[in-house]
Amino acid sequence: MVKRVYVEKKPGFDVEAQQLLAELRDILGVGGLRGLRVVKRYDAEGMSDELFDVAVASVFSEPAVDEVSYALDAEPNGRVFAVEYLPGQFDQRAESASECIQLISQGERPTVRSATVYLLDGNLTDEQMFAIKDYVINPVEAREADLNEVQTLAQAYPEPDDVEVLDDFLGLDEAGLAAFIAERGLAMDAADIAFCQEYFRSEGRPPTITEIKMIDTYWSDHCRHTTFGTVLDDVEIADSAVERAFAKYLDMRHELGRDDKPVCLMDMGTIGAKWLKAQGVLTGLDESEEINACTVKVKVDVDGEEQDWLYLFKNETHNHPTEIEPFGGAATCVGGAIRDPLSGRSYVYQAMRVTGAADPTVPVSETIPGKLPQRKLVTTAAEGYSSYGNQIGLATGQVNELYHPDMRPSAWRSVRWWVPPLPTTCAERRQPRETWSCCWVAARDVTALGAPRARPRRTMRVRSRAAARRCRRATRLLSARYSACSAAGTRAA
C-alpha cells in the first residue's frame, strides 16, 4: 500500500515559494498571480503505519518549520500542478529519505518517490499556465506529475523494440542530413554527420540509431570540448590590453615552435605552462603518464622535519552540461574537480568558483528558443554548486560571477580546488602495462567504431601500512594547522 504525505514550509520559512512568486511576477510577467505555495509530496511503499508516522515527523518534515497534511487544500479557483523527476533520473530527496527510514527501522529499505506540488492563486489564463510550467519544468530532467493517488510505486518497463537500423541514412544528401539532425535532436553539426555517413559508407552498412546517438554524445561539447578546440582563423580584438595579450600569446607560440598548431582557446589556456617549462622556470612540476590534477613538488615542514610532498590543484569546466541541466551540471563540475586530486591520494581542502552568463535580468521572452532563461541558468547552477559543496563539507574561499551579453545562451562554470601537499612516501610511480579497450555499441553484427589503444595510466601504490599511517597522520596535522596556500607558499623550501 502506498502512503502519501504533503510537507510545506510554514510562513516565514517558505523562502522557495516567495522567491519563485517574485520571479513569476517580475521576470515572467504574470501579473494576475496573487499567491504561490510550494509543497513537497512523498509517496512511500513497503513500510508499516507506525514506521510511516515516525518517518513523517523525523524524516519527511521538520516539525519546527514544516506543516504536514495528508490531502491538498488548494484554493477553489486556484491552479495546481506537480513536477517529478523523469524515470531513471536520480531523485536525491527520495533516495535520502529511503535511506534514513531504513536506518530507523533497521529493516528493509522502503520505496520512496517525491514530487513538488505548486499551488497558484490568481486569475490565470491557459497561456500563462503554459508559460509558468515551461519556466518551472526543465524537460531534460523532469516532467509534470499526476496528482492522483497511486496503487503502487513499482516501475513498469515495457519491452523495448528492436534497435532501429537507419536504412536510408547512407543515401541522404546535405539537406537530408540537416533534416536528420533536427528530427533526431542531435547535437553534432553538418560536418560531423557527414563524417559519420562517409564512415558507414566505407563499412558498407547503415548505422543503428544507438550508434549515432552514442557518437553524438561522445562528440558533444562536453566530451570533446568543441568550444575550446574550435580553430580561430580570423581574430578581431577591440580591447587594447587583450590585443597585447594575444600578441604575446602568438610570440610564445612562435618561440615554442608551435606555428603549425591550430590557434584555439585550449592552446591559449595551456601555452603559459609550456612556455615556463621551456624557460626552465617550471622546475617543480611532477610529470607522469597521465596528467589530470596539476601536481607540484614542494618541501613541507612536518614537526620540524623537512619532507618531500606533492601539492595538487585542479581546474574543471562544465559549460555544456550546466547549460542543459544547471543543477546537475554545476554539481558534477565540483565532482569532477575533486575526482582527480582524490585519485592522487590527496585531501581536497578548498575551492574557488568563477562563473559567467549573459544578463540574468532580461525578460524571459527574450530567451533563445530551445534554451533555458539566463536567470534560471545562473540561479539553479548556483544551487547545484552549493548543494554538492555543502554535502562534501568543503569551503569555497572565493566566488566570482561574470556577466556579458555575448555569453548568451550558455552559462559557463570553472572550479579550482586546492589540496594540502601529499607526502611522496604515500605514492610510488610505476609504468603500468598497456591494455586494449573498446566501446561496444548496439549493432546487428559488428561494432560501430574501433577505439584507439588506451594510454597507460599512472599507478600510485602505498609502500607499506606504516607509510600509509604516516601519510594519514601527516595529512591530518597539516590540514588542521595550515591552509593550502600557506602550506604551499610559506612552508615551501
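The structure we're discussing is the one just above.
This write-up is about the structure you can find in this document.

**Remarks on the overall build of the chain**
Each helix and strand in the chain was counted, giving 16 helices and 14 strands. Going through the 493 residues of the chain one by one, you find that 38% of them count as buried. Across the chain, the fraction of contacts at a sequence separation of at least 24, relative to all contacts at a separation of at least 6, is 75%.

**Notes on the environment of Ile338**
Its place among the elements puts Ile338 in helix α13 (residues 326-343). Here the alpha-carbon distance between Ile338 and Gln350, two residues 12 residues apart in the chain, equals 9.8 Å.

**A word on a nonpolar patch on the surface**
A cluster of nonpolar residues, Leu276, Val281 and Leu282, forms a patch on the protein surface that exposes about 220 Å² of accessible area. Mapped onto the elements of the fold, Val281 is located in the loop between α11 (265-278) and β7 (294-302). Given a relative accessible area of 54%, Val281 falls into the exposed group.

**Structural notes on the sheet that holds strand β6 (residues 142-145)**
Taken together, six strands build an open sheet; the order of strands is β3-β1-β2-β5-β4-β6 and the sheet is antiparallel. Each having just a single partner strand, β3 (66-69) and β6 make up the two edges of the open sheet. Along the sheet, successive strands turn relative to each other by an average axial angle of 30°, direction set aside. The sheet strands contacting helix α3 (residues 92-105) are β2 (33-45) and β5 (111-122), and the helix crosses β5 at an angle near 130°.

**Here's the deal with the side chain of Asp91**
Mapping Asp91 onto the fold places it in the loop between β4 (79-85) and α3. Lacking a salt bridge, the buried Asp91 has Arg93 as its closest oppositely charged neighbour, with an N-O distance of 5.8 Å. At 2.6 Å, the side chain of Asp91 forms a polar contact with the side chain of Ser114. With residues up to four places along the chain from it excluded, the contact list for Asp91 reads Tyr85 and Ser114.

Each value, and the rule that gives it
- Residues numbered from 1 in each chain as written.
- Predicted model: local features only at pLDDT ≥ 70, side-chain atom pairs only at ≥ 80, totals over all residues.
- Heavy atoms only, no water.
- Helix = DSSP H or I, 4+ residues; strand = E, 2+ residues; numbered from the N terminus.
- Buried < 20%, exposed > 50% of the residue type's maximum accessible area, 1.4 Å probe, protein only.
- Contact = heavy atoms within 4.5 Å.
- Patch = residues over 30% accessible without salt bridge, like charges linked within 9 Å, V, L, I, M, F, W, Y side chains within 5 Å.
- Areas by Shrake-Rupley, 256 points an atom, 1.4 Å probe, with all protein chains shown as cover.
- Salt bridge = Lys/Arg side-chain N within 4 Å of Asp/Glu carboxyl O.
- Pairing = 2+ DSSP bridges.
- Axes fitted to C-alpha atoms, helices over the stretch in contact; angles between N-to-C directions.
- Lys, Arg positive; Asp, Glu negative; His and termini not counted.
- Polar contact = N/O pair within 3.5 Å; in protein donor to acceptor, adjacent residues only side chain to side chain.

Read these as spatial facts, not as claims about activity.
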